[in-house]
Amino acid sequence: MSGARSFGESGPWFGLSRCGERLRRRLRERPTMIRRISERVSGFAKNFPILKSSRFHGESLDSSVSPVLIPGVHVFHCQDAVGIVAKLSDCIAAKGGNILGYDVFVPENNNVFYSRSEFIFDPVKWPRNQVDEDFQTIAQRYGALNSVVRVPSIDPKYKIALLLSKQDHCLVEMLHKWQDGKLPVDITCVISNHERASNTHVMRFLERHGIPYHYVSTTKENKREDDILELVKDTDFLVLARYMQILSGNFLKGYGKDVINIHHGLLPSFKGGYPAKQAFDAGVKLIGATSHFVTEELDSGPIIEQMVESVSHRDNLRSFVQKSEDLEKKCLTKAIKSYCELRVLPYGTNKTVVF
Ligand SMILES: Nc1nc2c(c(=O)[nH]1)N[C@@H](CN(C=O)c1ccc(C(=O)N[C@@H](CCC(=O)O)C(=O)O)cc1)CN2
C-alpha cells in the first residue's frame, strides 16, 4: 500500500501501509496464497449475492472455469485535476475489474480530490500485488497524498488493541460485534488500568477467545506509557473504549499510527470528564457521542462519527448517562467499521471525509 499520512503526525494510512509490507511478504508464498484465497473466497462468496448468482464458483481459481471475482476498495486523495476518475476507473476496467460503487468529493474553494471506489476483480487476471502497483503508478502521476487498496478476502485483517478503564460497555459491544463478524479486525489484546475479576463476563469472553488482558496500573505520576507502547507495537491502530487516561504527545508520536477514541458527549461541547453531567447541568435537549481521532489536545481530534438522541425535562442524570452509553457503543463500532472499510480520510487540518 502506498501513501501514508496520519491525523497526528504521519497520516491515518501510516499504520495501514505496514499491512502492505506484511502483504508483500505473504504474496511471496503464492501457492499457499492461491489455496487460501480459494478457501476464503468460497466462504466470502456466501455474503455477496452477486458472486453466488452469476456463474461464480469458490472451488477453484483455475481460469478454465468461471472466474472467481472478489471485492476490492480503493481510496485516493490528491490535488484536483481533470481526468482523475477516468484514469482510476480505467485502471480497474483495463484488468477486467467491475466498479460497483464510486464516491467522489471535491470541496468548494479547495483544489483537492477525494474518491473511494468499490469494485470486483479476478485475482488470477489482476494479481493482488499488481493492483497495488497499478494504482501506485496513478498515485505517482498525480502526486497523491493517499492511495490505499484493500482486498478484504486477501489482505490481513487490521490488528488492533483496545484500551479501557473501569467501564466496559463499549468493550463488550465491540467484542460482540467482533464475534458476529461485523468488525473485521484482529484484537491482539485488551489493556486496562483497572483490574477485573476472572469470573466476569468480559474476562471469560476474552479467555474463551484467547485475547490477552493486560492490567497496567497507572498513577497521575506514572501513566505507564512505555509499557503500553510495548504491548501495542504490532498493531495497526488503537481503540480507546472509555480509557480515562490522557495520552501524552510522546506516546502518540512513539506509536505513530492512528488512535480512535469514543467520547460520551457531542464534541466540541462538553470536553473532558463527565460530559453527560455537563450536558445535564447545561439543560441540553440533545445528547450525543463522538468518535474521533486522538491528538495531543484532549477531545479535539478530527471527528469520525457522531450520534445524537433527544432528551427533555423528564430526563434525569441517570437517563442522560444511560442514553449516552447506548449512543457511544453504537458510535464507536460504526466509526471502527468505517475506518476498516477505508471510508475515513483526513480533510484539512482537523476534519475528515467519511464516505
Ligand atoms: N491525548 C489524548 N488522550 C486521550 C483523549 C484525547 O482526546 N487526547 N481522549 C481521552 C478520553 N476522554 C474523553 O473521551 C477523557 C479521558 C480522561 C479525562 C480526564 O480528565 N482524566 C483524568 C483522570 C481521570 C481518572 O483517572 O479517572 C486525568 O487524566 O487527569 C477526560 C477525558 C483518552 N485519552
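For clarity, every value in this text was computed on a predicted model and none was experimentally measured.

Quick notes on the rules
- Residues numbered from 1 in each chain as written.
- Predicted model: local features only at pLDDT ≥ 70, side-chain atom pairs only at ≥ 80, totals over all residues.
- Heavy atoms only, no water.
- Helix = DSSP H or I, 4+ residues; strand = E, 2+ residues; numbered from the N terminus.
- Contact = heavy atoms within 4.5 Å.
- Areas by Shrake-Rupley, 256 points an atom, 1.4 Å probe, with all protein chains shown as cover.
- Pairing = 2+ DSSP bridges.
- Salt bridge = Lys/Arg side-chain N within 4 Å of Asp/Glu carboxyl O.
- Buried < 20%, exposed > 50% of the residue type's maximum accessible area, 1.4 Å probe, protein only.
- Near = heavy atom within 4 Å.
- Polar contact = N/O pair within 3.5 Å; in protein donor to acceptor, adjacent residues only side chain to side chain.
- Nonpolar A, V, L, I, M, F, W, Y, C, P; charged D, E, K, R; others polar.
- Core = buried A, V, L, I, M, F, W, Y, C linked by side-chain atoms within 4.5 Å.
- Axes fitted to C-alpha atoms, helices over the stretch in contact; angles between N-to-C directions.
- Disulfide = S-S within 2.5 Å.
- Arc of directions from axis to C-beta.
- Phe/Tyr/Trp six-rings, centres within 6.5 Å; stacked < 30°, edge-to-face > 60°.
- Lys NZ or Arg CZ within 6 Å of the ring centre and 35° of its normal.

1. Notes on the overall build of the protein
Line of reasoning, step 1. Along the protein, the regular secondary structure elements total eleven helices and 13 strands.
Line of reasoning, step 2. A fraction of 66% describes how many contacts in the protein between residues 6 or more apart in sequence connect residues 24 or more apart.
Line of reasoning, step 3. A total accessible area of about 16,600 Å² is found for the protein, and carbon and sulfur atoms account for 51% of it.

2. Topic: the pairing of strand S13 (residues 351–354)
Line of reasoning, step 1. Bridge analysis of strand S12 (residues 344–347) against S13 gives four bridges, and the strand direction is antiparallel. Each bridged residue has a counterpart across the sheet, and for Pro346 the counterpart in S13 is Thr352.
Line of reasoning, step 2. As consecutive antiparallel partners, S12 and S13 are separated by three residues, and within that stretch Gly348 has a phi angle of approximately 70°, a positive value.

3. A short note on the pattern of salt bridges
Line of reasoning, step 1. For the structure shown, the criterion picks out 19 salt bridges.
Line of reasoning, step 2. A salt bridge links Glu118 to Arg343; its shortest N-O distance comes to 3.3 Å. Note that Glu118 is positioned in strand S3 (residues 112–121) and Arg343 in the loop between helix H11 (317–340) and S12, a separation of 225 residues in sequence.
Line of reasoning, step 3. Residue Glu118 is classed as partly exposed on the basis of its relative accessible area of 29%.
Line of reasoning, step 4. Note that Lys277 and Asp281 form a salt bridge whose closest N and O atoms lie 2.6 Å from each other.

4. Observations concerning the site of the ligand
Line of reasoning, step 1. Neighbouring the ligand are 20 residues; Gln245, Leu247, Asn261, Thr295 and Asp299 lie closest to it.
Line of reasoning, step 2. A distance of 3.4 Å separates an oxygen atom of the ligand from a polar atom in the side chain of Lys223.
Line of reasoning, step 3. Burial of the ligand by the protein chains amounts to 79% of its free accessible area of 710 Å².
Line of reasoning, step 4. At three residues, the largest contribution of residues to the shell around the ligand is made by strand S9 (residues 258–263).
Line of reasoning, step 5. When the residues that make up the shell around the ligand are grouped by side-chain class, the tally is eight nonpolar, seven polar and five charged.

5. Side note on the nonpolar core
Line of reasoning, step 1. By size, the foremost hydrophobic cluster in this structure holds 68 residues, and its most contacted members are Ile187, Val190, Leu206, Phe237, Leu332 and Ile336.
Line of reasoning, step 2. Ranked by residues supplied to this core, first place goes to H11 with eight residues.
Line of reasoning, step 3. Beyond its immediate sequence surroundings of up to four residues, Phe237 is in contact with Tyr158, Lys159, Ile160, Ala161, Val185, Tyr255, Asp258, Ile260, Ile336, Tyr339 and Cys340.
Line of reasoning, step 4. Core analysis: the second largest hydrophobic core is formed by 20 residues, Val68, Leu88, Cys91 and Ala139 among them.

6. Considerations on the sheet that holds S9
Sheets are built from strands paired through backbone hydrogen bonds, the pairs being either parallel or antiparallel.
Line of reasoning, step 1. Read from one edge of the open sheet, seven strands run S7-S6-S5-S8-S9-S10-S11, paired in mixed fashion. Each edge of the sheet is formed by a strand with only one pairing partner; in this case those strands are strand S7 (213–215) and strand S11 (303–310). Within the sheet, the average angular offset between the axes of one strand and its neighbour, ignoring direction, is 20°.
Line of reasoning, step 2. The pairing of strand S5 (residues 158–164) with strand S8 (residues 237–240) spans four bridges and is parallel. Across the sheet, residue Leu163 finds its bridge partner in S8, namely Leu240.

7. Section: unusual backbone geometry
Line of reasoning, step 1. Cis geometry is adopted by the peptide bond preceding Pro268, which originates at Leu267 and carries an omega value of 5°.
Line of reasoning, step 2. Relative to the assigned elements, Pro268 resides in the loop between S9 and helix H10 (275–282).
Line of reasoning, step 3. One non-glycine residue, Tyr274, lies in positive phi territory at about 55°.
Line of reasoning, step 4. Tyr274 gets classed as exposed once you look at its relative accessible area, which sits at 70%.

8. Looking at the state of the cysteines
What we call a disulfide is simply a covalent bond connecting the sulfur atoms of a pair of cysteines.
Line of reasoning, step 1. Counting across every chain of the model gives zero disulfides.
Line of reasoning, step 2. Cys170 forms no disulfide, and the closest cysteine sulfur to it belongs to Cys331, at a distance of 9.3 Å.
Line of reasoning, step 3. Judged by relative accessible area, which is 1%, Cys170 ranks as buried.
Line of reasoning, step 4. Exposure remark for Cys331: the relative accessible area of 0% places this residue in the buried category.

9. Some remarks on helix H8 (residues 225–232)
Line of reasoning, step 1. Considered for burial, the residues of H8 that qualify are Glu225, Ile228 and Val232. What you see down the axis of H8 is that its buried residues fit within an arc of 60°, all on one side.
Line of reasoning, step 2. Elements in contact with the buried residues of H8: S5, strand S6 (185–192), S8 and helix H9 (249–255).

10. Brief notes about the packing of aromatic side chains
Line of reasoning, step 1. Summed over all chains, the structure comprises 13 aromatic pairs.
Line of reasoning, step 2. Plain terms: the ring middles of Tyr114 and Tyr347 are 5.8 Å apart, the flat faces sit at 80° to each other, and that makes the pair edge-to-face. Here Tyr347 lies in strand S12 and Tyr114 lies in strand S3, a separation of 233 residues in the sequence. Grouping residues by exposure puts Tyr114 and Tyr347 together as buried.
Line of reasoning, step 3. Measuring from ring centre to ring centre gives 5.7 Å for Phe121 and Trp126, while their planes differ by 75°; the resulting arrangement is edge-to-face.
Line of reasoning, step 4. Three or more aromatic residues joined by ring pairs make a cluster, and in this case those are Phe119, Phe121, Trp126 and Phe135.
Line of reasoning, step 5. If you follow Arg150 out to its NZ or CZ, it ends over the ring of Tyr158, 4.0 Å from the centre.

Coordinates in, geometry out; function isn't part of it.
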